[in-house]
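Remarks on the overall topology
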Amino acid sequence: MQIDDTDRRILRHFLVDPSLPNAQLAERAGVTPATCWRRLEKMQGAGLIAAPVAVINWRAMGYEVEVSLRFNLDKTEPRAFDEFLAAARNVPEVIGIETFLGRVDVRLNVIARDMAQYQEIYRKRILTLPHIADIEALMLIATIKDESALPL
């Protein structure tokens, strides 16, 4: 789908606050509410806008520790990726799973209430995941920028 400047204006404001009522979004984007609604529907229908999402502040919920774990898997086992990913999906504290090409195969983002809980999760749930060849842990100190918006 090709987008124009009007679509970009709508998307810029929609990304800032997807909960805005259509009339307010239209006003901010400088279009009529009908135009705004039609264009949003068209972009959603084309798959350009997947869905508005809730962003949860894990720290506000008492999860003070976030660790990014980088894994290299045993690639001599043909089902290593599938079995590792299936098992990782079942760890409730894993909030993100990403696969890569390069030196790292998989990254898991893990949250815990404190270091004691993280140690428990690490020992009982992470280290028991199948086909691990190597792990590197990176503890999150601060998020400086967390932007999913494109430069529209």
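Anything mentioned here points back to the structure above.
Residues numbered from 1 in each chain as written. Predicted model: local features only at pLDDT ≥ 70, side-chain atom pairs only at ≥ 80, totals over all residues. Heavy atoms only, no water.

**Re the pairing of strand β1 (residues 65–73)**
Our working rule: Any two strands between which DSSP finds at least two bridges are classified as paired. Numbered from the N terminus, helices here are DSSP runs of H or I no shorter than four residues, and strands are runs of E no shorter than two.
Direction of pairing for β1 relative to strand β3 (residues 106–112): antiparallel, over a ladder of seven bridges. Within β3, the residue paired with S68 across the bridge is N109. Summarising the sheet, β1 and strand β4 (residues 132–139) pair through seven bridges and their orientation is antiparallel. When the sheet's bridge partners are listed, V67 is paired in β4 with M139.

**A few points about the sheet that holds β1**
The condition that has to hold: Angles run from 0 to 180 degrees between N-to-C directions of axes, and those axes are lines fitted to C-alpha atoms, restricted for helices to the stretch in contact. In this analysis, two residues are considered to be in contact whenever any of their non-hydrogen atoms come within 4.5 Å of each other.
The sheet built from four strands is open, its strands ordered β2-β3-β1-β4 with antiparallel pairing. Edge positions in the open sheet fall to β2 (94–99) and β4, since each of these has one partner strand only. Direction aside, the axes of adjacent strands within the sheet are offset by 20° on average. As defined by bridge partners, β2 adjoins β3 across five bridges and the pair is classed as antiparallel. Residue pairing across strands places I97 opposite L108, the latter belonging to β3. Against the sheet, helix α5 (residues 115–126) contacts β1, β2, β3 and β4, and its axis sits at roughly 140° relative to β3.

**With respect to the pattern of salt bridges**
Let me state the cut-off plainly: Salt bridges are counted wherever a side-chain nitrogen of Lys or Arg sits within 4 Å of a carboxyl oxygen of Asp or Glu. Relative accessible area decides the class of each residue, using a 1.4 Å probe on protein chains only: under 20% of the type maximum gives buried, over 50% gives exposed, and in between gives partly exposed.
Scanning all chains against the criterion turns up eleven salt bridges. Between D7 and R39 there is a salt bridge, with its nearest N and O atoms 3.0 Å apart. Here R39 lies in helix α3 (residues 33–45) and D7 lies in helix α1 (residues 5–16), a separation of 32 residues in the sequence. For D7, a relative accessible area of 5% puts it in the buried group. Judged by relative accessible area, which is 23%, R39 ranks as partly exposed. The residue K75 makes a salt bridge to D105 at a minimum N-O spacing of 2.8 Å.

**What to know about the packing of helix α2 (residues 22–29) against α3**
Packed helix pairs are characterised by how far apart their axes lie and by the angle those axes make with each other. Which entries qualify depends on this criterion: By definition in this entry, angles of less than 35 degrees are roughly parallel, angles greater than 145 are roughly antiparallel, angles of 65 to 115 are roughly perpendicular, and the rest are oblique. When residues are grouped by polarity, Ala, Val, Leu, Ile, Met, Phe, Trp, Tyr, Cys and Pro land in nonpolar, Asp, Glu, Lys and Arg in charged, and all others, Gly among them, in polar.
At their nearest, the axes of α2 and α3 sit 8 Å apart, and the two run at 100° to each other. Classified by the angle their axes make, α2 and α3 are roughly perpendicular. Where α2 abuts α3, its residues N22, A23, L25 and A26 lie against P33, C36, W37 and L40. Here the residues of the contact of α2 with α3 sort into seven nonpolar, one polar and no charged.

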